[in-house]
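# Per-entry structural report
One-letter residues, chain by chain:
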Amino acid sequence: MDAKERLAIPPQPMPEQSPHERIGNQREVPQGYGPEAAMKEACRCVRCKRPFCTEGCPVGIDIPGFLEAVEKGDFALGIRIIKRRNVLPAVCGRVCPQEAQCQLGCTVGKFHHDPTKSVGIGKIERFLADWERATGKVEMPTKAAPTGRKIAVVGSGPAGLTVAGDMIVLGHSVTVFEALHKPGGVLVYGIPEFRLPKEIVSREAENLKALGVEFRLSTVVGRTYPMEEVLEDFDAVFIGSGAGLPKFMGVPGENLLGVFSANEYLTRANLMRAFDFPANDTPIFRGRKVITVGGGNVAMDCARTALRMGAGRSLIVYRRSETELPARIEEVHHAKEEGVEFHLLQAPLELIGDERGWVSGMKIEKMGLGEPDSSGRRRPIPIKGSEFVEETDSVLVAIGNSPNPLIPSSYPAVETNRWGGIVANEATGQTSVRGVFAGGDIVLGAATVILAMGQGRIAARAMHAYLLTGRWDDLEQAVSAQGGMQ
Amino acid sequence: MHQILSRETIGPDVCRYVVEAPEIARRRKPGQFVIVRICEGGERIPLTIADADPQAGTITLIVQTVGKSTLQMSRMGPGDLLADVAGPLGRPTHIGNFGTVVCVAGGIGAAPLFPIVQALHLAGSRIVTLLCARNADLLIMEEDLKAVSDELIVMTDDGSRGIRGLSTDGIRMLVDRGLAIDHVFAIGPPVMMKFVCKLTGELGIPTTVSLNPIMIDGTGMCGGCRVTVGDATKFACVDGPEFDGLQVDFDELIRRLGAYKDREKEALEHFRSDCRLGQ
Ligand SMILES: Cc1cc2nc3c(=O)[nH]c(=O)nc-3n(C[C@H](O)[C@H](O)[C@H](O)COP(=O)(O)OP(=O)(O)OC[C@H]3O[C@@H](n4cnc5c(N)ncnc54)[C@H](O)[C@@H]3O)c2cc1C
Ligand SMILES: Cc1cc2nc3c(=O)[nH]c(=O)nc-3n(C[C@H](O)[C@H](O)[C@H](O)COP(=O)(O)OP(=O)(O)OC[C@H]3O[C@@H](n4cnc5c(N)ncnc54)[C@H](O)[C@@H]3O)c2cc1C
Ligand code: SF4
Ligand code: SF4
Ligand code: FES
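What comes next is a walk through the structure.

Here is what the cut-offs are and how they apply
Residues numbered from 1 in each chain as written. Chains lettered and ligands numbered in written order. Predicted model: local features only at pLDDT ≥ 70, side-chain atom pairs only at ≥ 80, totals over all residues. Heavy atoms only, no water. Helix = DSSP H or I, 4+ residues; strand = E, 2+ residues; numbered from the N terminus. Rg over C-alpha atoms; globule rule 2.2 N^0.38 Å. Buried < 20%, exposed > 50% of the residue type's maximum accessible area, 1.4 Å probe, protein only. Contact = heavy atoms within 4.5 Å. Areas by Shrake-Rupley, 256 points an atom, 1.4 Å probe, with all protein chains shown as cover. Lys, Arg positive; Asp, Glu negative; His and termini not counted. Charge placed at Lys NZ, Arg CZ, Asp CG, Glu CD. Pairing = 2+ DSSP bridges. Salt bridge = Lys/Arg side-chain N within 4 Å of Asp/Glu carboxyl O. Phe/Tyr/Trp six-rings, centres within 6.5 Å; stacked < 30°, edge-to-face > 60°. Lys NZ or Arg CZ within 6 Å of the ring centre and 35° of its normal. Near = heavy atom within 4 Å. Polar contact = N/O pair within 3.5 Å; in protein donor to acceptor, adjacent residues only side chain to side chain. Nonpolar A, V, L, I, M, F, W, Y, C, P; charged D, E, K, R; others polar. Domains from an automatic or database assignment.

On to the overall build of chain A. Looking only at helices and strands, one finds 20 helices and 16 strands in chain A. In terms of overall size, chain A behaves like a compact globule, its C-alpha atoms giving a radius of gyration of 23 Å where 486 residues would be expected to give roughly 23 Å. Burial statistics for chain A: of 486 residues in total, 59% are counted as buried. Within chain A, counting contacts between residues at least 6 apart in sequence, those at least 24 apart form 68% of the total. Looking at chain A as shown, the accessible area adds up to about 19,100 Å², and 53% of this sits on carbon and sulfur atoms.

The following block contains the structure:
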C-alpha cells in the first residue's frame, strides 16, 4: 500500500454506548476496536522516517513498529513492542491525552489539517492490551536472578506500579505500601469506571503479584510505618505518593452542606462504589442540579458522574474559554454529548446557603479574556457588574490537587519545593536523601498517568544502578554507564 | 485482615473490642485513630484507639452502635475478621505536664478521652475527670478512668447516678470550689463540646477538643472532614482530630455531621431487612 492509499483511509470509528443509554450505567463509554478495525486503523500510518508520534510519547514507544505489527495481524508482537516501554497499556490507551502527546505531531493528522484525524494510536494501544487480556496470552517478563536487594515503594499509583514492575524484573525484592485498601492510586479512586474499568487496574496489580511484588495495603507510610524505619528495613525507597491534596476555591460558603471536593465525590463513587448504594455502604449525595467548578479531566469526571448519579442538570463553570479547557478533547466531547452544560468565562464568587446550611446557589461573575499569562493562556479578567446567581443543590470543586503532604510533613529530611512537591533529579529521580527516589505527581504536581509512569521508569533505572554500584553523588554517570538496560 | 480477639458489652449499645494489629499497637500514640472497613463493600469508619498492648500486638476499640456499620460490627465477635484497619492516623495529643487539667467525657467520648487521660497522668498532670452521660446506664469506662485520674466525678443529666447536671455545671462547680484549672480536654457529642468551650472561653481556660466529622480516607485526600478553626479550614484527619476548642466552629461541624442522615437510615434499613431475609 502506498502513502496515498493510506492517507485515503478514513479514521476508523470506535463503537460507543449512546449518550442516553450510558448515563444510566457505569459501563465504559467507548467499547474498543475489533481486530479488523484495529488493523485498518493501523494501515493509516505512513511509517514516517522521523516518527513524530514516538517523539511525542513521554515514554518513547516505538509506535510505527507496533502499528506495523498490527497491520500484519501480529498482535502478540504489537503488544510486546509496547510493553518494552509501557507496563500499563490498557490504562494509557484509554486515558492518555493523546492529542497533546503521540497524536499531536502525527503526519497523517497534519496532512488532513486536523489533529483528530491523526492515526488512532491510543485506540490501537488499547485494543492490543485488551486483546492480550481477553486471550489470556499475557506474556510474563522473565525475571533476572535475585539480587538480594529489597526496595520499598510508597504509593501504588501509576508511578509506584511502574517502579514495582521494573524492579521485580531486575531481580530485586519489592514491597509496595498503599494507604488505601485497594492498589492503583488515582486509577481506582479518581478516574471513573465508565472511563477506566477497575477490573483492568486490579488485573495489573494481580500480574505484579504473580511476579512476586508484595502489596501492603491500608498501610500509611509516615504513620503506620515511619520513613526512618522504612529506610532501615529496605535498601532503597521510591516515593510515588501522588497529588492527593484537594484545592478549594477560598470563596465564602465553601463548607456548606452539598459542597464536595472532586476527590471526595469521586472517591465515594469509584473507590467506595457508592453508585451501588445501599448494596455498598458508602452514601453519595445525589444532587438534582450539580455545578462542577473547573475545566480539567477531573471536572469532566465529576460532571459526568453527577449525571450517572441521577442529576437532571450538570453544569461546568470554568473561568476561561473553551480553547483553554485542559481536559482531554474526548472527555469534553463525551461530556457535551451526555448533556453537560458548559458555562465558560464564569467564576464563582460565593456559595449561598439555605436556612439548614445546604448550598442553594452560586454567585457567579462573568469573565473576559486579557493578555496571555505565564502559562501562555489568555488571562481571565472579571467583568464588573456582571454578577448573577445560579441556583444549585450541590457543588463539586475540581480546581486541582496539590502534592500529598503526608510524607513531606512526617519526614522533613526530604527536600520539598514551595508548592509542597518533593524535589527530585529529573534524570534519576534522586531526592535529597540517599537511597530515596521520588516521581509522579508528588514531584510534578497534578500531571498525567504517562508522565508519572515515565518518571517511575527513570527512577527504577537509577535505583537499579544505585543498588548495584552504591554510587549516589555521581549516580547519573553510573546509570549511563549501565546503558541500554531497557 | 485483622482478627477480633474479644468483645465485651460495656454499656447499652457500646462494645469494647480487642483487635489484632501489631504494627498499629506498637506505634500508636494517645489521640490517634484507625479507619476500619468491616467487610468488602463496607464503609471506612474512623474509630479512636482507646488502648493498645504493644507486647500482645493488640489495640482496643470502643464502639457505639449508631448506624449500619457499627451495628454490623456489634454482631461480630472473637475470631471474626475485619477487612481493613488502617492507622494510626491523626496527630497525637500534645502531652505534657499541664498542671491542673479537667478532662470532660461526654457519653462515648470517654473512649477517646481515656488514652489522653492516661498519658497526661503519666506526664504528671493533676487530673480531675468529669464523666458525664444522659443517664446512669450510659456511663462507660468509669473504672478505667478512675485509675488514671486524681479525682473522678460522675454526672448524669437526669441525676440517676452521681451529681445531677450537665458537664458545664460540673466545670462551674469545680471553679466555684476554687480549683485553678490550667487546661480542659473535652470529648463528647459536638453540642456538649460547643457548650463546654463557650464556658471555658468565658473563663479564659485553654481547651482542647477532639472532633469527629465524617471521614472517608483519613489521609488528607478528600477534604470531607474539613472543619473551620479560627479563620482557617482544617482537615480533621491530618491536622487534628484535636483542635483548640475555643476556635472551632461547632455549628458548622454539627450541620456537616447531618449531611447523609437520610441515606444512612436507608443503609441501616437495607441491612436490617437483609438480615431478616437471611434468617
Ligand atoms: C479524577 C482524575 C482524572 C484524571 N484523568 C486523567 C486522564 O484522563 N489522563 C491522564 O493521563 N491523567 C489523568 N489524571 C491524572 C493522573 O491520574 C495522575 O497524574 C496520576 O495518577 C499520578 O500518578 P502517581 O503514581 O504519581 O500518583 P497517584 O495515582 O496519585 O497515586 C498515589 C498513591 O499513593 C498513596 N499514598 C499517598 N501517601 C501515602 C503514604 N504516606 N503511604 C502509603 N501510600 C500513600 C495514595 O493513596 C495513592 O494511592 C486524572 C486525575 C484525577 C484525580
Ligand atoms: C476521629 C474519629 C474518632 C472516632 N472514634 C470513635 C470511637 O472511638 N467510638 C465510636 O463509637 N465512634 C467513634 N467515632 C464515630 C464513628 O466513626 C461513627 O459513629 C461511625 O462512622 C458511624 O458509622 P455507622 O455506619 O454505624 O453509622 P452511620 O449510619 O454512617 O451514621 C450514623 C451517625 O453517625 C455519624 N457519622 C457517620 N459517619 C461518620 C463518620 N465517618 N465519622 C463520624 N461520624 C459519622 C453521623 O452523624 C450519623 O448521623 C469517631 C469518629 C471520628 C471522626
Ligand atoms: S503511552 Fe500514551 S502517549 Fe504514549 S503512545 Fe501510548 S497513548 Fe500515546
Ligand atoms: S507520526 Fe503518525 S504517520 Fe508517522 S509514524 Fe507516527 S503514527 Fe505513523
Ligand atoms: S477524611 Fe478525607 S481528608 Fe480527612
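Right, picking up where we left off after that structure.
A few words on the overall build of chain B. Of regular secondary structure, chain B possesses nine helices and 17 strands. Taking 279 residues into account, the globule formula puts the C-alpha radius of gyration at 19 Å, and chain B, at 18 Å, falls close to it. Here the C-alpha coordinates of chain B stretch approximately 60 × 40 × 35 Å along the principal axes. Considering chain B as a whole, with its 279 residues, one finds that 57% of them fall into the buried category. Partitioning the contacts of chain B with sequence separation of at least 6, the portion at a separation of at least 24 is 65%. Chain B carries 29 positive and 35 negative side-chain charges, and their two centres are separated by 2 Å.

Residues and elements named next belong to chain B. Inspection of the sheet shows strand β3 (residues 33-37) paired to strand β4 (residues 44-48) by five bridges, in the antiparallel sense. Across the sheet, residue arginine 37 finds its bridge partner in β4, namely arginine 44. Two successive antiparallel strands, β3 and β4, enclose a turn made up of six residues, where glycine 41 displays a positive phi of approximately 85°.

What follows concerns the pattern of salt bridges. Residues and elements named next belong to chain A. Summed over all chains, the structure comprises 47 salt bridges over all chains. Across the pair glutamate 338 and arginine 304 runs a salt bridge whose closest N-O atoms are separated by 3.0 Å. Here the residue glutamate 338 occupies a position in helix α16 (residues 329-338), and arginine 304 occupies one in helix α15 (residues 297-308), the gap between them amounting to 34 residues. The class for glutamate 338 is buried, based on a relative accessible area of 6%. Lysine 336 is the partner of glutamate 322 in a salt bridge, and the nearest nitrogen-oxygen pair spans 2.6 Å. Placement of the pair is glutamate 322 in the loop between β8 (313-318) and α16 and lysine 336 in helix α16, with a sequence separation of 14 residues. Linked through salt bridges whose partners overlap, the residues forming this network are Glu16, Arg22, Arg195, Asp301, Arg304, Arg308, Arg328, Glu330, Glu331, Glu337 and Glu338.

Bringing the packing of aromatic side chains into the picture now. Any pair of aromatic rings gets described here by the distance separating the centres and the angle formed by the planes. For the coordinates displayed, the defined rule picks out twelve aromatic pairs over all chains. Pairing phenylalanine 98 of chain B with phenylalanine 185 of chain B gives two aromatic rings, centres 6.1 Å apart and planes at 75°, and the pair type is edge-to-face. Here phenylalanine 185 of chain B lies in strand β13 (residues 183-187) and phenylalanine 98 of chain B lies in the loop between β8 (84-89) and β9 (100-106), a separation of 87 residues in the sequence. On the basis of relative accessible area, phenylalanine 185 of chain B is assigned to the buried category, the value being 3%. A connected cluster of aromatic rings, assembled from ring pairs, spans Phe260, Tyr265, Phe285 and Trp358 of chain A. Sitting above the plane of the phenylalanine 52 of chain A ring, lysine 110 of chain A keeps its charged end 5.6 Å from the centroid. The ring of phenylalanine 342 of chain A has lysine 336 of chain A sitting right over it, with the charged end atom 5.6 Å from the ring centre.

Residues and elements named next belong to chain A. Neighbouring residues of ligand 1: 36 residues in total, closest Val95, Glu178, Arg195, Val221 and Asp441. Note that an oxygen atom of ligand 1 is positioned 3.5 Å from one of the side-chain N or O atoms of asparagine 297. A distance of 3.2 Å is found between an oxygen atom of ligand 1 and a backbone nitrogen or oxygen belonging to alanine 447. Starting from 1,000 Å² of accessible surface for ligand 1 in isolation, the protein chains cover 96%. Breaking the shell around ligand 1 down by element, the ones donating at least two residues are α10 (158-169), α15 and α19 (449-469). Ranked by the residues each element gives to the shell around ligand 1, the list is headed by α15, at three residues. Of the residues that constitute the shell around ligand 1, the class distribution is 18 nonpolar, 13 polar and five charged. Formed jointly, the shell around ligand 1 draws a minimum of three residues from each of two domains, domain 2 (150-243 + 406-482) and domain 3 (248-399).

For glutamine 72 of chain B, the location among the structural elements is in helix α2 (residues 68-74). Excluding anything up to four places from it in sequence, glutamine 72 of chain B contacts Asp281 of chain A together with Ile38, Cys39 and Phe271 of chain B.

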